[in-house]
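# Inside the fold
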Amino acid sequence: HVQLVESGGDSARAGGTLTLSCAASVDYSTMSCVAWFRQAPGKEREGVAHIDSYGRLTYTDSVKGRFTIWQDNTKNTLTLQTNGLKPEDSGMYYCAQTGSKVVPGMIFFSGFYFGHWGQGTQVTVS
């Protein structure tokens, strides 16, 4: 099983920037099967950003124009740059992988079902 490890979360002031990374434990030619999610306290996880195998980008409406996603295949890394951070961006940020089967706990986002969560990285904006 592929392990996903998130990093880069920190505390930031409103208007600041954080760069989050999701690294895969296995060498891939693409990270198109992985997407970024987030979860605020007391709320459900939501999809944030995804780039598919054709390079098509999907962002949830609340982050469009502020967040940018790209993949670094050499490092098996999916990066999310969060610009113009707002307090409502605070939460635990996760990356997750698509699955061939839909099982409980998977979340539908950008036309796919995602699961196999990493441990998450905390983002706190004040």
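So, here's what we can say about the structure. Everything quoted here is computed from the prediction, not taken from an experiment. (Residues numbered from 1 in each chain as written. Predicted model: local features only at pLDDT ≥ 70, side-chain atom pairs only at ≥ 80, totals over all residues. Heavy atoms only, no water.)

### A look at the pattern of salt bridges
Enumeration over the complete set of coordinates arrives at five salt bridges. R38 is the salt-bridge partner of D89, the closest N and O atoms lying 2.9 Å from each other. With D89 in the loop between strand 8 (77–82) and strand 9 (91–98) and R38 in strand 4 (residues 34–39), this pair connects stretches of sequence that are 51 residues apart. For R38, a relative accessible area of 5% puts it in the buried group. As a salt-bridge pair, R56 and D52 come within 2.9 Å of each other at their nearest N and O atoms. Overall, D52 belongs to the buried group, its relative accessible area being 11%. Salt bridges here are not isolated pairs; linked through shared partners, they connect R38, E46, R66 and D89. (Salt bridge = Lys/Arg side-chain N within 4 Å of Asp/Glu carboxyl O. Helix = DSSP H or I, 4+ residues; strand = E, 2+ residues; numbered from the N terminus. Buried < 20%, exposed > 50% of the residue type's maximum accessible area, 1.4 Å probe, protein only.)

### Quick notes on a nonpolar patch on the surface
On the surface, a cluster of nonpolar side chains totalling about 310 Å² of accessible area is made up of V102, F108 and Y113. Positionally, Y113 belongs in strand 11 (residues 112–115). Residue Y113 is classed as partly exposed on the basis of its relative accessible area of 35%. (Patch = residues over 30% accessible without salt bridge, like charges linked within 9 Å, V, L, I, M, F, W, Y side chains within 5 Å. Areas by Shrake-Rupley, 256 points an atom, 1.4 Å probe, with all protein chains shown as cover.)

### Comments concerning the layout of surface pockets
One number sums up the size of the largest pocket: a volume of about 160 Å³. Taken together, R38, Q39, A40, P41, K43, E44, E46, P87, E88, D89 and S90 form the lining of the largest pocket. Partitioning the lining of the largest pocket into residue classes produces three nonpolar, two polar and six charged. (1 Å grid on protein atoms, 1.4 Å probe; cavity = no way out; pocket = protein on both sides within 12 Å on 5 of 7 lines; lining within 4 Å. Points joined across faces, edges and corners; volume = space filled by probe spheres on them. Nonpolar A, V, L, I, M, F, W, Y, C, P; charged D, E, K, R; others polar.)

### Some words on the state of the cysteines
By the definition in use, this model includes one disulfide. One disulfide in the model links C22 with C95; its S-S distance is 2.0 Å. The sign of the S-S torsion, about 80°, decides the handedness of the disulfide formed by C22 and C95: right-handed. Here C95 lies in strand 9 and C22 lies in strand 3 (residues 18–24), a separation of 73 residues in the sequence. A residue is classified by how much of its surface remains accessible, and C22, at 0% relative accessible area, is buried. Classification of C95 as buried rests on a relative accessible area of 0%. Left without a disulfide partner, C33 is nearest to the cysteine sulfur of C22, which lies 9.4 Å away. (Disulfide = S-S within 2.5 Å.)

### Let's talk about the side chain of R38
Side-chain polar atoms of R38 contact the side chain of E46, separated by 2.8 Å. Among the polar contacts listed, one links the side chain of R38 to the side chain of S62, at a separation of 3.1 Å. With residues up to four places along the chain from it excluded, the contact list for R38 reads E44, R45, E46, V48, S62, V63, F67, D89, M92 and Y93. (Polar contact = N/O pair within 3.5 Å; in protein donor to acceptor, adjacent residues only side chain to side chain. Contact = heavy atoms within 4.5 Å.)

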